[in-house]
Amino acid sequence: MPMEPLPDLSTLSLADIARLAAEKRLPPVEKWNPDHCGDSEMRIARDGTWFHQGSPIGRETMVRLFSSILRREPDGSHVLVTPVEKLDIAVEDAPFVAVELKSEGEGRGRTLAFQIKNGDIVTAGPDHKLCLRETPDGPHPYLHVRGGMEALVARSVYYELMNLALEEDAERIGLWSDGAFFPLDGAA
């Protein structure tokens, strides 16, 4: 059965985006607790590219399928899990990458929706926090996706966020989304 093509955020209203996000049904990986079976020999690179045995996985539908059974363990590691097996997967930074932004409204009335490289759509808000984290090579923005897993916000999307924040001309550099404020100035 073929997977639906990824939606074009620029053509959707935020109501459409919210509906699509609500309709997405993921497997209940948090309820599955099979025995650990070994290593999947898979890796998710910092740019969101998935690899198996060192070669990139070229089929987008396979990556989307694997991402639906990805789970973060309490120790911070990541696994691919089904009802009968659990396999380790290496994640270089974050398991997801936010590659597109849709913004509607301004100030406290703004809503920010992100398209994740695997097709998920996430609206920043109290349950999906946006944060700026200091790393050895500078600050990097992250968005909580699900189950303790985050998306690294792509550089181009981060620039869009910063432009929006600077246009707000507020006391503090940051943005509101879905009733929550997210500072983007690196201050705690």
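Residues numbered from 1 in each chain as written. Predicted model: local features only at pLDDT ≥ 70, side-chain atom pairs only at ≥ 80, totals over all residues. Heavy atoms only, no water.

**Details of the environment of valine 29**
Residue position: valine 29 is located in the loop between α1 (14-23) and β1 (36-44). The buried category is assigned to valine 29, whose relative accessible area is 8%. A sequence separation of 52 residues divides valine 29 from valine 81, and the C-alpha atoms of the two residues are 6.4 Å apart. Dropping the residues within four chain positions of it, valine 29 is found in contact with Ser68, Ile69, Leu70, Arg71 and Val81. (Helix = DSSP H or I, 4+ residues; strand = E, 2+ residues; numbered from the N terminus. Buried < 20%, exposed > 50% of the residue type's maximum accessible area, 1.4 Å probe, protein only. Contact = heavy atoms within 4.5 Å.)

**Quick look at a negative patch on the surface**
Residues Asp39, Glu41, Asp75 and Asp88 make up a contiguous surface patch of negative charge. Mapped onto the fold, aspartate 75 is located in the loop between β4 (70-72) and β5 (78-81). By relative accessible area, aspartate 75 is classed as exposed at 64%. (Patch = residues over 30% accessible without salt bridge, like charges linked within 9 Å, V, L, I, M, F, W, Y side chains within 5 Å. Areas by Shrake-Rupley, 256 points an atom, 1.4 Å probe, with all protein chains shown as cover. Salt bridge = Lys/Arg side-chain N within 4 Å of Asp/Glu carboxyl O. Lys, Arg positive; Asp, Glu negative; His and termini not counted. Charge placed at Lys NZ, Arg CZ, Asp CG, Glu CD.)

**Observations concerning the sheet that holds β1**
Taken in spatial order, the six strands make up an open sheet running β3-β2-β1-β6-β5-β4, and their pairing is mixed. With one partner strand each, in any of the chains shown, β3 (55-56) and β4 form the two edges of the open sheet. Here strand β2 (residues 50-52) pairs with β3 via two bridges, running antiparallel. Within β3, the position partnered with phenylalanine 51 by the bridge is proline 56. (Pairing = 2+ DSSP bridges.)

**Focus on the nonpolar core**
If you look at the biggest cluster of nonpolar residues, it comprises 39 residues, and the most contacted ones within it are Trp50, Leu112, Phe114, Ile116, Leu130 and Leu161. With six residues, the top contributor of residues to this core is helix α3 (residues 155-168). (Core = buried A, V, L, I, M, F, W, Y, C linked by side-chain atoms within 4.5 Å.)

**Topic: the pairing of strand β8 (residues 111-116)**
Working note: regular strand, side chains alternate between the two faces of the sheet. A large share of β8 lies buried, amounting to six of its six residues. Where burial is concerned, the two faces of β8 agree: the one with Thr111, Ala113 and Gln115 and the one with Leu112, Phe114 and Ile116 are both buried. Sheet analysis places strand β7 (residues 96-104) next to β8, joined by six bridges and oriented antiparallel. Paired with glutamate 104 across the bridge in β8 is threonine 111. Between β7 and the antiparallel strand that follows it, β8, lie six residues; glycine 105 among them carries a positive phi value of about 85 degrees. Where β8 meets strand β9 (residues 121-123), three bridges bridge the pair, whose relative direction is antiparallel.

**Focus on the pairing of strand β10 (residues 130-135)**
Looking at chain direction, β10 and strand β11 (residues 138-146) are connected through six bridges and run antiparallel. Directly across from glutamate 134, in β11, lies its bridge partner proline 139. Hairpin connection, β10 to β11: the antiparallel pair is bridged by two residues.

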